[in-house]
Structure formats: C-alpha cells, structure tokens
Amino acid sequence: MDCKTEEIVKNDIVNIENKNLLAIYIKQIFEALRGKEQDYTSLKVNKAIILLSVPMVLEMLMESLFAIVDIYFVSKIGEEAIASVGLTESVMTLIYAIGIGLAMATTAIVSRRIGEKNIKEATNSAYHSIIIAVIISLVISIFGIIISKDILIIMGASERILNYHSGYMTIMLGGNVTIMLLFIINAVFRSAGDAMISLKVLWLANIINIILDPLFIFGWGPIPKMGVEGAAVATNIGRGVAIIYQFYNLVKGNGKIKFKGTRFHKDWGIIKNILKLSLGGMSQNIIATSSWIGLMRIVSLYGSVALAGYTISLRILFFTLLPSLGFANAASTLVGQNLGASKPERAERSVNIIAKVSAITMGLISLALIIFAETFIGLFVDGSEVLLVGASSLRILGYGFIFYAVGMVLIHAFNGAGDTFTPTYINIFCYWLLEIPLAYILAVILNFRADGVFYAILISEGIMTITAYIIFRIGKWKKKIV
C-alpha cells in the first residue's frame, strides 16, 4: 500500500469514527429528552453530562422566556411601562436570590443523598425545603404588597410610573410564592436526576403565559385591558398552574422523589442543615442581585430612555446566558451526586468538561450578540434612543460571555458540593467592593454615562471568574461534608 492510499484509508477511518461519534451524541440527546431514569455516578462522564445538560439547558431557556414574552408585549405600551418592569425586576432579583439560595441548599442535600442511594432522606429533605419556601414567601408577600410603591419611589421611579404602572410590582411581590416553589421543586427534580420533569413544568408555564399575556395586557372580549399589570397576572397564573403540575409529579409521578405513601415528620436537623446552606446561597445571590439594583440606580440618573434600553438588553442577556446556567445546574447535580458516591475526582472532571462546553457555546452566542446588537434590540423597540442605549449595553456585555459561562459553572460546582460560602466571599469582593464603585467612577466621574455601568459589569465578571477558577483548583470543596 503506497503512502497516498494509506492516507486515504486513514481519512476514511476517521470520517467513519466521527460519524459514529455524532450518531452516539444524537442518540444520547434523544435519550435525555425521554427522561429515562439513570445512575449518574456510574455512567460515562460525557454521557452523564449530556443526559443532564440537555434538559437543564432547555429548562433555563424556558425560565427566561417569561421575561422575554413579558417585555415584548409591555414594550408596546411605552417607555414608562418598560422602565416599570425594569425597576420591578431589579427588586425581584432579591426574591430570585432567596429562591435560588434555597434551591442551592436543596440541590446540595438532595443530590448528596441520591448519590448515597438514600432515597428516603432525599425525599424528606425535599419536603422540608418546600415548607421553608412557602413560609418565607408568605412573609415577603405581606410586606411586598404594603410597601411596593415606596420601593419604587426609592428606586427613582417617575411620577407617571408611580401613578399608572406601580401595580406591576405589587402583583409580582404578592405572588412571589409561585417563583419560590417553581425554583425549589424543580431543584428537587434536577437533584434527583429527573431534569426532564423540570423542563415539562416550564413548558406548561410558558405556554399559558404566552396565551394570557396579550389577553390581559390589551384586553379581549370580557377580559378588561389591564396594561402592564396584566403581564404580572398572566405570569403568576402560568407559574401557578405549573406548580400544580409539579405537585402532581411529586405525589403520583414515577420519579425518584415520591411523596405518595411517605410519612413526614418535623426534623430539626434537616431544617437546620437546609437553612445553614441556604444562608450561604441566599447571601451570595443577594450580594450579586443587589448589585444590579445599585447599577440600575446609577443608570436611572440618565432617565427613562436609558432605563428602558438597559432593561431590554438585560432581558436579552439573561435569556442568552441561560444555556450556561443549564450547564452550571448539571455541574452542581453531578458534583453533589459524585461526592455522595465518594468519587471526588469524577466530580472535578465533570466540572472541567462542562466549563469547556459552556465556554464554547457562549462564545458563539456572544459573536451573534456583538454583530447583531441593534437587530436584537430592534425586536422590542423601533428606531429610537432606547435602541441605541440597548444596543450599546448588549454589545459591551457580550464581550464577557466566555467569562460569564465559566464563572457560572465554577460557582455552581461549589454550591453543589455544599460550599455555599466561598461564592459569597467572591461575590462580596467582585460585586460590592469592585463593580458598584467602578460603575459610579466610569459612569459619573469619568462621564462614560450608562456605558460606564456596562464596562464595570464586564470587568467585574472577568475578575470573578479568574478568582473562582483559582479557588476551584485548590480543591478544598471536595472535602465538604453535607
């Protein structure tokens, strides 16, 4: 066989192997979408990542679709309506922070018990997490309804927003239990490896929201025109119906976590463990999300146009970042389950692979956002100053997508191990001590205006990712006991 023939044969073999590999990946993707029960601590690492990541990425896209749909229809009302949604969402991020903190604790504990093959304790932990979430959300609802308008005043809302659109915040804060339970119960399903159930839950919620949003916002037949408040009502109804479906699966479903036939009793040890881990999770997220309130306050110095542009760009940003959050959730579950199965090196390898995949995926998405920033913002507003501000924000923030992707995976790896306080310390430094002061210096003192805020986010997120990577490599998280 001459050299040329030998090279042709080798190329044919490589092509066949690549086709077989592609066929295997496609098969695994369809297997992930079927939601078949698996032991993720014994599967090949690559297969375990695919089976968990695919439904989790899709789930995160569905979660963000609420915001995209709401802002699309609300943008038809006017700039003040968009700004009211933006101000409300900056406050709602605190609710998300609490819900995500509880979800982190739930993930760490339930996934660890699943890895230990202790289904009974996993179920009991899930039950206690849900009860804690309901109690916290009821307290928030009471105070939120009473002081919602005062919060808008503090946030710098205009008189028109206070007079015509303040009901949006009241309804969203009052109905926060739908957000809380959606987060917690989906965390239970994901932690147990039943990620496909979480995806189905959000499919249902979004379909209802898409149908009800225009009906309640603009009115139709016997349904009165509710304006921006209609978006809040539609979102809460959609999430509420999804929660009913969640409980149906917990009681009568075929997942690993089943409430039917289980006798629950108050266990202060579990409650203490959940609250301890949640405290770290809540702290890190409150620190991160409260920084968004600070940034929003700085942007508000430049009027409703800047607020509207920033709000739209953030909605697009959060939506496009959600595939990375899906990968990060998969990393969290795999870390928890593998540490529970006493396989720390397998946990680390899983995180490294997921971080690379997430970085590549988000790098490609960032190119689209940078090149077509005006096009994406133009989907929500016509040619105007809002479009210019939004496009500038989206383009600047788009340069940091690889940092966001890797940082998100690493932070969730710590949380999956039950080390919720390391990310808290990282967030204090990067968001409070660096990001907000830097945003004020760039925007106000150096007169970069709203762009200064966007550059501050980009710089801070990059430093956060580098810091998290260094600490992750040290490896103390592997020894965390939950």
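Note that the structure is predicted; figures quoted are calculated from it, not measured. (Residues numbered from 1 in each chain as written. Predicted model: local features only at pLDDT ≥ 70, side-chain atom pairs only at ≥ 80, totals over all residues. Heavy atoms only, no water.)

### Concerning a nonpolar patch on the surface
Applied cut-off: Residues enter a patch when their relative accessible area is above 30% and they make no salt bridge; the linking distance is 9 Å between like charges and 5 Å between nonpolar side chains (Val, Leu, Ile, Met, Phe, Trp, Tyr). Using a 1.4 Å probe, accessible areas were evaluated by the Shrake-Rupley method; residue-level cover was limited to the displayed protein chains. Every case where a carboxyl oxygen of Asp or Glu lies within 4 Å of a side-chain nitrogen of Lys or Arg is listed as a salt bridge. Secondary structure elements follow DSSP: runs of H or I of four or more residues count as helices, runs of E of two or more count as strands, with numbering from the N terminus. The cut-offs for exposure are 20% and 50% of the maximum accessible area for each residue type, with area from a 1.4 Å probe on protein chains only; residues under the lower value are buried, those over the upper are exposed, and the others partly exposed.
Together, Phe429, Trp432, Leu433, Tyr440, Ile441, Ile445, Leu446, Phe448, Tyr455, Ile459 and Ile463 give the surface a local cluster of nonpolar side chains, amounting to about 1,100 Å² of exposed area. Elements supplying a minimum of two residues to the nonpolar patch: helix H16 (421-445) and helix H17 (450-474). Considering every element that reaches the nonpolar patch, the biggest residue donor is H16, with six residues. With respect to the helices and strands, the residue Phe429 is situated in helix H16. Accessibility expressed as a relative area gives 42% for Phe429, which makes it partly exposed.

### Re the packing of helix H4 (residues 119-154) against helix H7 (residues 176-191)
Let me state the cut-off plainly: For every element, the axis is a line fit to its C-alpha atoms; helices are fit only across the contacting stretch, and the angle between N-to-C directions ranges from 0 to 180 degrees. When an angle is under 35 degrees it counts as roughly parallel; over 145 it counts as roughly antiparallel; between 65 and 115 it counts as roughly perpendicular; any other value is oblique. Crossing chirality is assigned from the near helix's rotation relative to the far helix, an anticlockwise turn below a right angle marking it left-handed and a clockwise turn marking it right-handed. Residue contacts are defined here by distance: any two heavy atoms, one from each residue, within 4.5 Å place the two residues in contact. Gly is placed with the polar residues, together with every amino acid not listed as nonpolar (Ala, Val, Leu, Ile, Met, Phe, Trp, Tyr, Cys and Pro) or charged (Asp, Glu, Lys and Arg).
Across the interface, H4 lies against H7 with an axial gap of 9 Å and an inter-helix angle of 165°. Between H4 and H7, the angle falls in the class roughly antiparallel. Note on packing geometry: the crossing formed by H4 with H7 is right-handed. Residues Ala126, Ser129, Ile130, Ala133, Val134, Ile136, Ser137, Ile140 and Ser141 of H4 form the contact with H7, whose participating residues are Asn176, Val177, Met180, Leu181, Ile184, Ile185 and Val188. Across the contact of H4 with H7, the residue classes break down as twelve nonpolar, four polar and no charged.

### Overview of unusual backbone geometry
In this structure, Lys117 takes a positive phi of about 65° despite not being glycine. Looking at the secondary structure, you find Lys117 in the loop between helix H3 (79-115) and H4. Of note, the phi angle at Ser342 is positive, near 60°, even though the residue is not glycine. Inspection of the secondary structure puts Ser342 in the loop between helix H11 (303-340) and helix H12 (344-371). Assessed through its relative accessible area of 61%, Ser342 is described here as exposed.

### Considerations on the packing of aromatic side chains
Where we set the bar: Stacked, tilted and edge-to-face pairs are distinguished by plane angle, under 30 degrees for stacked and over 60 for edge-to-face with tilted covering the rest, among Phe, Tyr and Trp rings (Trp via its six-membered ring) whose centres lie within 6.5 Å.
Overall, the coordinates contain twelve aromatic pairs when judged by the stated rule. Between Phe259 and Phe264 the ring centres are 5.0 Å apart and the planes differ by 75°, which places this aromatic pair in the edge-to-face class. Since its relative accessible area comes to 25%, Phe264 is described here as partly exposed. Ring centres of Phe448 and Tyr455 lie 6.3 Å apart, and the angle between their planes is 75°; on these two criteria the pair is classed as edge-to-face.

### Some words on the pattern of salt bridges
Tallying each qualifying case throughout the model produces five salt bridges. The partner of Glu345 in a salt bridge is Lys478, and the shortest N-O contact between them spans 3.5 Å. Of the two residues, Glu345 sits in helix H12 while Lys478 sits in the segment after H17, which places them 133 residues apart along the sequence. We classify Lys478 as partly exposed; its relative accessible area is 22%. Between Glu374 and Arg395 there is a salt bridge whose closest N-O contact spans 2.8 Å. Placement of the pair is Glu374 in helix H13 (residues 373-378) and Arg395 in helix H14 (residues 385-398), with a sequence separation of 21 residues. What makes Glu374 partly exposed here is its relative accessible area of 36%. A relative accessible area of 23% means that Arg395 is categorised as partly exposed. Through salt bridges with shared partners, a single network forms among Glu345, Glu348, Arg473 and Lys478.

### Side note on the confidence of the model for the protein chain
Spelled out, the test is: pLDDT runs from 0 to 100 and stands for how confident the predictor is about each residue.
Residue-level pLDDT values for the protein chain average 86, and 92% of them are 70 or greater. The element-level mean pLDDT for the protein chain is lowest in helix H1 (residues 3-34), coming to 49, with H17 highest at 95. Note on residues 8-19: pLDDT is under 50 here. Beyond four places in sequence and across chains, it has one contact.

### Re the nonpolar core
The cut-off we apply is this: We define a nonpolar core as any set of buried Ala, Val, Leu, Ile, Met, Phe, Trp, Tyr and Cys residues linked to one another through side-chain atoms lying within 4.5 Å.
Ile257, Tyr310, Ile312 and Val453 are the most contacted members of the largest nonpolar core, which has 112 residues in total. The greatest single-element share of this core, amounting to 17 residues, is contributed by H3. Excluding residues within four positions of it along the chain, Ile312 makes contact with Ile71, Ile82, Ile377, Phe380, Val381 and Val386. Counting 42 residues, the second largest nonpolar core, distinct from the first, contains Val45, Leu51, Ala331 and Ile411.

### Some remarks on the side chain of Glu348
Position of Glu348 relative to the elements: it lies in helix H12. By relative accessible area, which is 11% here, Glu348 ends up buried. Setting aside residues up to four positions removed in sequence, Glu348 forms contacts with Phe472, Arg473, Trp477 and Lys478.

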